[in-house]
Amino acid sequence: MDLYKKYQNTEILEIFKSLLKSSETIYKELKSGAGLEFLNTTNETDDEQIGLDVFADECFQENADKDTNIKYILSEERPDFVQYGDGRYSLTLDPLDGSKSAIVGIPSGAIFGVFDEANNISDFCGKNIVSGGFFVFGINLEVYFAINNEAYKGVFNNENSSWNFVSLDKLPKYKMFAINASNKIKWDNWLQDFYDDLMNVEDENGKTYNIRWYASMVSEVKRLIIQGGLFAYPNDSRKGYSNGHLRLVYEAIPMAYLLKSIGGSSSNGKKSILDVDVIELHQKTPVFLGDKELIQRIENLNK
Ligand SMILES: O=P(O)(O)OC[C@H]1O[C@](O)(COP(=O)(O)O)[C@@H](O)[C@@H]1O
Ligand SMILES: [Mg+2]
């Protein structure tokens, strides 16, 4: 598919091309084995940083500033947002998602969102997102994303340094559940019951749900897109986890937007992630992504 032709002369395409360029540089750096050591620094939400977190953040920001007329760039790794240009679009970034898993060789990646006419923090919400998705730095360099509610996958071809894009299929149905079940006794009761149900109640073929957890949201959501099921990072009773761990603007909203565009759904446990009010830049939220019926069941149970 000729994605460049389809979106030719659009600002969104310019932004997307700058993201592609950055991803190629970051992937190369990761493959060289560089940046996989802890730095003794933390970001705004107190996550320990590795060298590649900082490298990725700088790379995305430099290219977006140089190659586009982007208005604001918001990053999980930075305290504030800075005005770069005066275009109509702004960019949000989780420059390196799954960094701690990258250290042990699990595919990491980057999550991005493009927002239209966003001028205040509250404008970086589900209503204003026009493109969102994620890169995966795995065996190949890949991107899964949606523009104007149409979803695509791109794979980078190393031989000729070019990207090949195809449309994404609708979310398949499969009994797979990605959740860090080591926190189970700290979850709300309704979630513990829901989990037990998925694990123990057999369908007519004797099948129950299967668990996956890579501790890398991009890998988890890639699996979700290919195989179906559910991804969850809920709130729990650990100190600092009353709203889970994932960030609303940098991680949850772009993923929710992409899932919706392939027929899936999202929730914070009560309502769609795309309807949650954005109050703070680094706001956290419980996240449930995937099959529409499962998301509906979650919202019904969590009353
Ligand atoms: O170690 P935990 O608590 O299971 O958390 C893993 C989650 O944290 C994340 O790594 C997000 O944090 P980063 O953006 O700092 O990498 C997700 O990719 C993953 O789903
Ligand atoms: Mg992340």
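Conventions used here
- Residues numbered from 1 in each chain as written.
- Chains lettered and ligands numbered in written order.
- Predicted model: local features only at pLDDT ≥ 70, side-chain atom pairs only at ≥ 80, totals over all residues.
- Heavy atoms only, no water.
- UniProt positions renumbered as here; feature names shortened; annotations may be inferred.
- Patch = residues over 30% accessible without salt bridge, like charges linked within 9 Å, V, L, I, M, F, W, Y side chains within 5 Å.
- Areas by Shrake-Rupley, 256 points an atom, 1.4 Å probe, with all protein chains shown as cover.
- Salt bridge = Lys/Arg side-chain N within 4 Å of Asp/Glu carboxyl O.
- Helix = DSSP H or I, 4+ residues; strand = E, 2+ residues; numbered from the N terminus.
- Buried < 20%, exposed > 50% of the residue type's maximum accessible area, 1.4 Å probe, protein only.
- Phe/Tyr/Trp six-rings, centres within 6.5 Å; stacked < 30°, edge-to-face > 60°.
- Pairing = 2+ DSSP bridges.
- Contact = heavy atoms within 4.5 Å.
- Axes fitted to C-alpha atoms, helices over the stretch in contact; angles between N-to-C directions.

An unreviewed UniProt entry annotates the chain as Fructose-1,6-bisphosphatase class 1 originating from Olleya aquimaris. Under the Pathway (unreviewed entry) heading, UniProt states for the chain: "Carbohydrate biosynthesis." Heading Subcellular location (unreviewed entry) of the UniProt record for the chain holds this comment: "Cytoplasm".

Participant: Teacher, can you tell me more about a nonpolar patch on the surface here?
Facilitator: On the surface, a nonpolar cluster with roughly 270 Å² of combined accessible area is contributed by Phe 38, Ile 103 and Val 104. With respect to the element layout, Val 104 can be found in the loop between helix 4 (99-102) and strand 6 (108-116). Given the relative accessible area of 63%, Val 104 is considered exposed.

Participant: Would you mind going over the packing of aromatic side chains with me for this structure?
Facilitator: Given two aromatic rings, their pairing is described by the distance between the two centres and the angle made by the two planes. Per the counting criterion, the structure on display carries 23 aromatic pairs. When the ring of Tyr 72 is compared with that of Phe 81, the centres are 4.9 Å apart and the planes differ by 85 degrees; the resulting orientation is edge-to-face. Judged by relative accessible area, Tyr 72 falls into the buried class, the value being 12%. You can call Phe 81 partly exposed: its relative accessible area is 21%.

Participant: Can you help me understand the sheet that holds strand 5 (residues 89-97) in this one?
Facilitator: Consider a sheet: its strands pair through backbone hydrogen bonds, and that pairing is either parallel or antiparallel. Here we have eight strands laid out as an open sheet, ordered 4-3-5-6-7-8-9-10, and mixed in their pairing. The sheet is open, and its two edges are formed by strand 4 (82-83) and strand 10 (162-167), each paired on a single side. Strand direction decides the pairing type here: strand 9 (residues 150-157) and strand 10, joined by six bridges, are antiparallel. By the bridge assignment for strand 10, Val 155 is matched with Asn 164. Contacting strand 3 (72-75), strand 5, strand 6 and strand 7 (129-137), helix 3 (residues 51-67) runs over the sheet at an angle of about 160 degrees to strand 5. Relative to the sheet, helix 7 (residues 248-261) contacts strand 3, strand 5, strand 6, strand 7, strand 8 (141-147) and strand 9, its axis offset from that of strand 7 by approximately 100 degrees.

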